[in-house]
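One-letter residues, chain by chain:
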Amino acid sequence: MAETNNLRFMRDNFEKERYSNDNNATLSSEEQCQVEEDVAKCFKRFKNIAESYPEQPVLQKDMHVKFLMKGLESLSESYECLDASRPWLCYWILHSLDLLGVVISDDKALKIANFLGKCQSPTGGFGGGPLQEPHLAPTYAAVNALSILGKYTEEAYDVIAREKLQQYLKRMHTPDGGFKMHLGGEVDIRGAYCAASAARLTNVMTESMFDKTPEWIVSCQTYEGGFGGCPGMEAHGGYSFCGLGALILLGHEKLCDIKSLLRWTVNRQMGFEGGFQGRTNKLVDGCYSFWQGGAFPLIHMVLSMDRDVSLSAEKWLFQQEALQEYVLTCCQHPAGGLLDKPGKPRDYYHSCYCLSGLSVAQHFAAGPIGHSVVVGNQTNNELKPVHPVFNISTEAAVKATQHFNKLPVPNTDSV
Ligand SMILES: CC(C)=CCC/C(C)=C/CC/C(C)=C/COP(=O)(O)OP(=O)(O)O
Ligand SMILES: [Zn+2]
């Protein structure tokens, strides 16, 4: 049977856990049977995957491109069920294709940019669809998507009404430094990250727009080391990424306890599967390959500023190969697209974050040093590198930054 190291490890440990697990001692015999049945089902599923995989796991690029292109074709017509997330769909699909090295036509790029323009509010920011109220999450997604499209046509960059965007971001800022997700909406750490990312990428950031924000973000770091959505909430990978990403964008990364964040994040990678869980005692999920895995380049950057810390010059501080094996062997749908875990449906969100995490795990790039660690055939499996703060390709991030940094920072203080 052809197995990767990780799958062999997974199988051996599964057997060990199955027979040494005495947590079941308090269960009734019926419950015990159910647990046995679930474990056997799950084991069979992983075993089937292991058996059907070749020695070297293969990234099924062509199948993923087919799935993503199908989504791209229908972007402006369908997805009624995700009617409030249309800029997200644009971003997830465009970013996934970008990482896979797919070039889309200039025509297509312009069409999508114009569609995103229709999602932009006359008062600044982007809504989940045309004529919808602006919201910070689709604003972040639209800015990222337009920055990717700017590789094809500069008209995509020009869709963003930068002055209005600055005004909108200012309106979402609260006196204690947090950001509302939308007018009258909840304040959480996603808001701070979405606002900082959009402001930084488009060069509309001013210090006063983020008054007290670094302190507010730091107040979300929990006793575990990760960040919660708002002060007092449980640490979670999605929120931790937002917290550290926003602090870095604001230049105040030193305010957080980076070593406890590192300890917490490292312990979210599960030895059994190789993938990451989002929070303590929960299940591994492919999307955390980025939300947790993507934190390592950021943590590395912060630690490298500390003279007392000596870091590896070739690897991030997690098991990069094990994560790649999890994504490649457990998160690919045979008909294209990626997913949470075996048995779950494929979708564009998981496709985006599984591929983003896979890219982080393949590329070590600290300062001038670049180093690839690609599991399987490098020519086939290697993705384009991601910019870990914005989560668009480094190529798209550099081009967009160069474009917007030539423009003056708007001054809307008196408006
Ligand atoms: C920029 C931006 C909008 C970032 C979003 C970040 C993100 C993914 C946050 C996760 C929020 C959360 C508490 C999920 C728990 O879901 P669950 O209970 O279904 O999953 P779990 O069991 O894995 O925790
Ligand atoms: Zn997920």
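Rules used in this analysis
Residues numbered from 1 in each chain as written. Chains lettered and ligands numbered in written order. Predicted model: local features only at pLDDT ≥ 70, side-chain atom pairs only at ≥ 80, totals over all residues. Heavy atoms only, no water. Donors = N, O, S within 2.8 Å, 3.2 Å for Na, K, Ca; no water. Tetrahedral: all angles 85-135°; square planar, octahedral: opposite > 155°, others 65-115°. Helix = DSSP H or I, 4+ residues; strand = E, 2+ residues; numbered from the N terminus. Buried < 20%, exposed > 50% of the residue type's maximum accessible area, 1.4 Å probe, protein only. Phe/Tyr/Trp six-rings, centres within 6.5 Å; stacked < 30°, edge-to-face > 60°. Domains from an automatic or database assignment. Contact = heavy atoms within 4.5 Å. Buried area = accessible area lost by both parts, 1.4 Å probe. Salt bridge = Lys/Arg side-chain N within 4 Å of Asp/Glu carboxyl O. Core = buried A, V, L, I, M, F, W, Y, C linked by side-chain atoms within 4.5 Å. pLDDT = per-residue confidence, 0-100. Near = heavy atom within 4 Å. Polar contact = N/O pair within 3.5 Å; in protein donor to acceptor, adjacent residues only side chain to side chain. Areas by Shrake-Rupley, 256 points an atom, 1.4 Å probe, with all protein chains shown as cover.

### What about the coordination of the zinc ion (ligand 2)?
Coordination angles at a metal have ideal targets, namely 109.5 degrees for four tetrahedral donors and 90 or 180 degrees for six octahedral donors.
Here is step 1: Distances from the zinc ion (ligand 2) to its protein donors, Asp-285 (OD), Asp-285 (OD), Cys-287 (SG) and His-350 (NE2), fall within 2.1 to 2.6 Å.
Here is step 2: Note that the zinc ion (ligand 2) binds four donor atoms; their angles at the metal cover 55 to 121°, and the shape is irregular.
Here is step 3: Donor residues for the zinc ion (ligand 2) sit on one chain with the sequence pattern D-x1-C-x62-H. Taken as a pair, Cys-287 in the loop between helix H12 (258-266) and helix H13 (288-291) and His-350 in helix H16 (residues 348-362) lie far apart in primary sequence, 63 residues in all.
Here is step 4: The class for Cys-287 is buried, based on a relative accessible area of 2%.
Here is step 5: His-350 sits in the buried class, given a relative accessible area of 10%.

### Section: the packing of aromatic side chains
Here is step 1: Following the criterion strictly, the structure yields 20 aromatic pairs and no others.
Here is step 2: On the basis of an interplanar angle of 70° and a centroid distance of 5.2 Å, the ring pair of Tyr-157 and Phe-404 is categorised as edge-to-face. One end of the pair, Tyr-157, is in helix H7 (residues 155-158); the other, Phe-404, is in helix H18 (residues 394-405), and 247 residues separate them in sequence. The residues Tyr-157 and Phe-404 share a single accessibility class, namely buried.
Here is step 3: Taking 6.0 Å as the distance between ring centres and 40° as the angle between the ring planes, the aromatic pair formed by Phe-276 and Phe-296 counts as tilted. In this pair, Phe-276 is assigned in the loop between H12 and H13 and Phe-296 in helix H14 (residues 295-304), connecting sequence segments 20 residues apart. Each member of the pair, Phe-276 as well as Phe-296, is classed as buried.
Here is step 4: Here the aromatic cluster, defined as three or more aromatic residues joined through ring pairs, consists of Trp-88, Tyr-91, Trp-92, Tyr-140, Tyr-193, Phe-241, Phe-290, Trp-291, Tyr-349 and Tyr-353.

### Structural notes on the domain arrangement of the protein chain
Here is step 1: Here the domain parsing of the protein chain yields domain 1 (173-267) and domain 2 (279-375).
Here is step 2: On a C-alpha basis, the centres of domain 1 and domain 2 stand 21 Å from each other.
Here is step 3: Contacts between the two partners involve 19 residues from domain 1, matched on the other side by 18 residues from domain 2.
Here is step 4: Carbon and sulfur atoms supply 76% of the area buried between domain 1 and domain 2, which totals about 1700 Å² over both sides.
Here is step 5: The interface formed by domain 1 and domain 2 includes one salt bridge.

### With respect to the nonpolar core
Here is step 1: Formed by 116 residues in total, the largest nonpolar core has its most connected members in Tyr-91 and Leu-149.
Here is step 2: Top element by residues in this core is helix H6 (residues 136-149). It accounts for 10 residues.
Here is step 3: Residues in contact with Leu-149, not counting those within four places in the same chain, are Leu-94, Ile-104, Ala-109, Ile-112, Ala-113, Leu-116 and Ala-156.

### Points about helix H15 (residues 320-330)
Here is step 1: Among the 11 residues in H15, 10 count as buried, and that is most of the element.
Here is step 2: What H15 keeps buried is the set Gln-320, Ala-322, Leu-323, Gln-324, Glu-325, Tyr-326, Val-327, Leu-328, Thr-329 and Cys-330.

### Topic: the confidence of the model for the protein chain
Regions with low pLDDT carry predicted coordinates that are not meant to be interpreted in detail.
Here is step 1: Of the residues in the protein chain, 85% reach a pLDDT of 70 or more, and the chain-wide mean stands at 90.
Here is step 2: Low confidence marks residues 9-25, where pLDDT is under 50. Its contacts with residues over four positions away, or in another chain, come to 19 contacts.
Here is step 3: In the model output, the complex is listed with pTM 0.88 alongside ipTM 0.99.

### Section: the site of ligand 1
Here is step 1: What surrounds ligand 1 is a group of 13 residues, the closest being His-236, Gly-238, Arg-279, Lys-282 and Tyr-288.
Here is step 2: Between an oxygen atom of ligand 1 and a side-chain N or O atom of His-236, the distance comes to 3.1 Å.
Here is step 3: Within the side chain of Lys-282, a nitrogen or oxygen atom sits 2.8 Å from an oxygen atom of ligand 1.
Here is step 4: Taken by itself ligand 1 offers 640 Å² of open surface, and the protein chains cover 70% of this.

### A closer look at the side chain of His-363
Here is step 1: Inspection of the secondary structure assignment puts His-363 in strand E1 (residues 363-366).
Here is step 2: Owing to a relative accessible area of 11%, His-363 belongs among the buried residues under this scheme.
Here is step 3: Here the side chain of His-363 touches Leu-383 through a polar contact of 2.7 Å, landing on its backbone oxygen.
Here is step 4: When neighbours within four sequence positions are excluded, His-363 is seen to be in contact with Trp-316, His-371, Ser-372, Glu-382, Leu-383, Lys-384 and Pro-385.

### Section: unusual backbone geometry
Here is step 1: Positive phi, normally seen in glycine, also occurs at Leu-131, with a value near 65°.
Here is step 2: Within the secondary structure, Leu-131 is located in the loop between helix H5 (106-118) and H6.
Here is step 3: One non-glycine residue, Asn-391, lies in the positive phi region at around 55°.
Here is step 4: Here Asn-391 is to be found in the loop between strand E3 (386-387) and strand E4 (392-393).
Here is step 5: On the accessibility criterion, Asn-391 (1% relative accessible area) is buried.

### Some remarks on the pattern of salt bridges
Here is step 1: Under the defined criterion, the tally for this structure stands at 10 salt bridges.
Here is step 2: The salt bridge involving Lys-151 is made with Glu-395; its shortest N-O contact spans 3.2 Å. Residue Lys-151 is found in the loop between H6 and H7, and its partner Glu-395 is found in helix H18; the two are separated by 244 residues along the sequence.
Here is step 3: Sharing partners across several salt bridges, the network here consists of Asp-98, Lys-151, Glu-395 and Lys-399.

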